[in-house]
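Listed here are the chains, written in short residue letters.
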Amino acid sequence: MQFMASKQPENSLLGPESDSQRTLYPYVTGTSVVALKYKDGILMAADMGGSYGSTLRYKSVERMKPIGKHSLLGASGEISDFQEILHYLDELILYDNMWDDGNSLGPKEVHNYLTRVMYNRRNKFNPLWNSLVLGGVKNGQKYLGTVSMIGVNFEDNHVATGFGNHLARPILRQEWHENLSFEDGVRLLEKCMRVLLYRDRSAINKLQIAKITEEGSTISQPYSLKTYWEFSAFANPAQGAVGS
Amino acid sequence: MTKQQANWSPYDNNGGSCVAIAGADYCVIAADTRMSTGYNILTREYSKICKLADKCVMASSGFQADVKALQKQLAARHLIYQHQHNKQMSCPAMAQLLSNTLYYKRFFPYYSFNVLGGLDNEGKGCVFTYDAVGSYEKVGYSSQGYGSTLIMPFLDNQLKSPSPLLLPVQDAVTPLVEAEAVDLVKTVFASASERDIYTGDKLEIVVVNAAGIRREYMELRKD
């Protein structure tokens, strides 16, 4: 039996010190990500806000990143955990490239890997506080999936995280159809993002739209949506309200 | 200063219902395809049914991440079994494996409510029903999930199976033929969808018989 230095691992079951290592709540967070499948691939949108509680601390956070040749990852939730995930994925893609065998991890594989990572962290009661959206195209096959901080995952024709589930999914269910053109897809995403901008208090009017097709991925420059605040209901919101 | 409590739960219930019915020479396993969380629908097309072996199919409702992990565990163990014994696992053998796998996590359970269905070594239908920690029983029919409270009494009434309370113990397989059992499953889910908010969208039916495995779909209410 080998003699080894007996240092207690930090994340052992013993002692209150180990609890300080576990995530209890998120600090800097991103809000919704919305994505849909269209004719040539996947379109994904996310704003660039990083909130620190109710403060809008960071306004240029890129919450969507390309992964390898075939995938695009969007994240909401704790930004530092998203950065950690990108670090894990960097290593995954590196090893994939080092095989140098002409094969490469597709979006389905990356989604599966992320699901396992999220589920395993949940099992150790130390979750990565994110909801992830993974989209991509490989060999003509489009793929769009999502995984939550406790490991719940699925794929669908359109997905959203956080408030997007409440506000964007219903719009997508009504208006999404197979073989959307790029323009129609962008218009639909912008419609969803505009509703989120009006109604999600952690949303900001600075967003990026990312596209991934068989050829590769592009993430747009940040831009803002046109908004209209002159609705009479907004002008005098308490008019007609009982007891006001 | 009091110790900080976690404000997140490692569990969630993603809803749905599953049913399995055993017949003399067939087994019907069915589940809806709705995946929800709280009052939201996450997706309308998620399969809760997993083929574990040639003549053994499992349907599970509950926490989807645990269900997925459980299915992967069983599939991996089945592969090892095939390598070691050069044959497929029988349904009763898989039933025991599932029970042991669930009990292994007795103190941090798989939040998964399962029904296992298939053909035993003689080609007769068999259904096994489980709780989340592996307690199981061979029965003629069973349902699990949110809709089971609505479905089970209906099955008790319509399947014409011998009562489990009779002595001597009689075999619980239903005397119905395959087509009648499939029809009953469709009726049962249509009814459950009316009153259970977590059941609906689409019904997936898998039939295991001597000819192999067959899959069928039926639309359900989307509200």
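Residues numbered from 1 in each chain as written. Chains lettered and ligands numbered in written order. Predicted model: local features only at pLDDT ≥ 70, side-chain atom pairs only at ≥ 80, totals over all residues. Heavy atoms only, no water.

(A) Main features of the nonpolar core. Met44 of chain A together with Leu74, Met94, Leu98 and Leu116 of chain B are the most contacted members of the largest nonpolar core, which totals 44 residues. Those elements that place two or more of their residues in this core are strand S2 (33-38), strand S3 (41-47) and strand S12 (207-213) of chain A together with strand S5 (49-53), strand S6 (56-62), helix H1 (64-85), helix H2 (91-104) and strand S8 (125-130) of chain B. Here the element with the most residues in this core is H2 of chain B; it accounts for six residues. Contacts of leucine 98 of chain B, omitting those with residues within four sequence positions, involve Met58, Leu70, Leu74, Asn114, Leu116 and Tyr130 of chain B. By size, the runner-up hydrophobic cluster in this structure holds 21 residues, among which are Ile151, Val182, Leu184 and Phe189 of chain B. (Core = buried A, V, L, I, M, F, W, Y, C linked by side-chain atoms within 4.5 Å. Buried < 20%, exposed > 50% of the residue type's maximum accessible area, 1.4 Å probe, protein only. Helix = DSSP H or I, 4+ residues; strand = E, 2+ residues; numbered from the N terminus. Contact = heavy atoms within 4.5 Å.)

(B) Representation of the interface of chain B and chain A in the model. On the chain A side, the residues contacting the 27 residues of chain B number 25 residues. Together, Trp8, Leu42 and Phe108 of chain B form the three largest contributors to the area buried by chain B at its contact with chain A, with a combined 28%. Our count for the contact surface shared by chain B and chain A stands at one salt bridge. Between arginine 122 of chain A and aspartate 66 of chain B there is a salt bridge, with the nearest N and O atoms lying 3.3 Å from each other. Along the contact surface separating chain B from chain A lie eight residue pairs in polar contact (both at pLDDT 80 or more). Where the side of chain B that touches chain A is concerned, the elements lending two or more residues are strand S4 (40-43) and H1 of chain B. Per-class residue counts for the side of chain B that touches chain A are 13 nonpolar, eight polar and six charged. (Buried area = accessible area lost by both parts, 1.4 Å probe. Salt bridge = Lys/Arg side-chain N within 4 Å of Asp/Glu carboxyl O. Polar contact = N/O pair within 3.5 Å; in protein donor to acceptor, adjacent residues only side chain to side chain. Nonpolar A, V, L, I, M, F, W, Y, C, P; charged D, E, K, R; others polar.)

(C) Quick look at the pairing of strand S2 (residues 26-32) of chain B. Residues and elements named next belong to chain B. Of all seven residues that make up S2, seven are buried, and the element is covered over most of its length. Burial along S2 is two-sided: Tyr26, Val28, Ala30 and Asp32 facing one way and Cys27, Ile29 and Ala31 facing the other are all buried. Where strand S1 (residues 17-22) lies against S2, five bridges are found, and the strand directions are antiparallel. Residue alanine 22 lies in a different strand from S2, and its bridge partner there is cysteine 27. Between S1 and S2, which follow one another and run antiparallel, lie three residues. (Pairing = 2+ DSSP bridges.)

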